[in-house]
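Observations on the three-dimensional arrangement
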Amino acid sequence: MSKIIVLIGAPGAGKGTQARLLQERRGIPQISTGDMFREMKTLDTLLAREVQAIMSAGTLVPDDVTYRMVEDRTSRRDCANGYILDGYPRTAVQAQQLEGLAKAQGNEIDAIEVDVPRDELMKRLTGRRSCPVCGEIYNIYSKPPQAEGVCDIHTNAKLVHRADDNEESVSTRLATYDEQTKPLIDFYENTGRLKKVDGTGDVEEIYAAIEKLI
Ligand code: AMP
C-alpha cells in the first residue's frame with residue numbers, strides 16, 4: 001500500500017523546505033497547495049483573481065476548490081507510489097475529503113507534525129525569501145543566500161518576498177492555523193497516525209528525524 005505523507009504545522013514551520021528535500025532525495029512528489037495557488041497568479045481568470053485576494057488576506061481558499069485541485073494533481077502517474085502533501089489538509093472538511101481520496105486511491109495516510117514555537121514563526125515568515133525560478137527557500141536571518149537577494153543556483157534570479165509574508169497577513173494566517181488546522185493534529189493523533197518532529201534547529205537534523213519516521 002502506498003503512503004500519503006501529510007506534513008502538518010503552522011505557516012513557517014518548514015514544511016515546504018522539508019517536503020522539497022524529500023522530493024529531491026527520495027523521489028516522492030511534493031504536492032504543495034500553496035505553490036499551486038501561487039502558480040495561478042499568472043492566469044487572468046475570475047477564480048485566479050479570487051484566489052489571489054484570499055491569499056493576500058491570509059485566509060483559506062474554499063474546501064471544494066482546493067480538493068478538486070488536489071484530486072486532480074494526485075491522479076497523475078508520478079503519484080502512483082505515494083506523495084507528500086505540504087499545506088493540505090487545512091480544515092476538518094479537507095481532512096475528511098482526503099480520507100475519501102486516500103481510500104479511493106488505495107493509500108494509507110501518515111501525518112507528521114513539524115512543531116515550532118510561535119515567537120520563532122513570525123521571524124521566519126517575515127525573513128523568508130524564495131527563488132522565483134526553482135522555488136528554493138532562503139531566510140535573511142537564518143539561511144541567507146551567498147549573494148544578497150539572489151538565488152545560489154539561479155544567479156540571475158532575484159529572490160522574492162511572498163506578498164502574504166507581511167506582518168498583517170502572517171497574523172491572520174497564524175490565527176487561521178490555530179482555529180482551523182491545529183485541530184487536525186488531534187484527529188490524526190486519535191486515529192493513531194500522528195508522528196511529531198521538533199522543527200527548530202538545523203534543516204538537516206530535522207530532515208534526518210523525518211526520514212526516520214517514513
Ligand atoms: P502556504 O504556501 O501553504 O502557506 O499557502 C499560502 C496560501 O494559500 C494560504 O494562506 C491559503 O490562502 C492558500 N492555501 C494553501 N493551501 C490551502 C488549503 N489546503 N486550503 C485552503 N487554502 C490554502
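Structure first, text after, so check above.
Presented here is an overview of the structure given in this document. (Residues numbered from 1 in each chain as written. Predicted model: local features only at pLDDT ≥ 70, side-chain atom pairs only at ≥ 80, totals over all residues. Heavy atoms only, no water.)

**With respect to the pattern of salt bridges**
One pass over the structure, following the stated rule, counts 18 salt bridges. Salt-bridge contacts for R49 lead to D44; the nearest nitrogen and oxygen are separated by 2.5 Å. With a relative accessible area of 48%, R49 lands in the partly exposed category. The class of D44 is exposed, set by a relative accessible area of 66%. (Salt bridge = Lys/Arg side-chain N within 4 Å of Asp/Glu carboxyl O. Buried < 20%, exposed > 50% of the residue type's maximum accessible area, 1.4 Å probe, protein only.)

**Considerations on the site of the ligand**
In the neighbourhood of the ligand, 16 residues make up the surrounding shell, with T33, R38, T59, G87 and Q94 lying closest. With respect to the ligand, the backbone of V61 contributes an N or O atom lying 3.1 Å from a nitrogen atom. Between the ligand and R90, the relevant distance is 3.0 Å, taken from a nitrogen atom to a side-chain nitrogen or oxygen of the residue. Here the ligand, which alone exposes 480 Å², has 96% of that area covered by the protein. Take the shell around the ligand: its biggest share by element is 4 residues, from helix α2 (residues 33–39). Partitioning the shell around the ligand into residue classes produces 5 nonpolar, 6 polar and 5 charged. (Near = heavy atom within 4 Å. Polar contact = N/O pair within 3.5 Å; in protein donor to acceptor, adjacent residues only side chain to side chain. Areas by Shrake-Rupley, 256 points an atom, 1.4 Å probe, with all protein chains shown as cover. Helix = DSSP H or I, 4+ residues; strand = E, 2+ residues; numbered from the N terminus. Nonpolar A, V, L, I, M, F, W, Y, C, P; charged D, E, K, R; others polar.)

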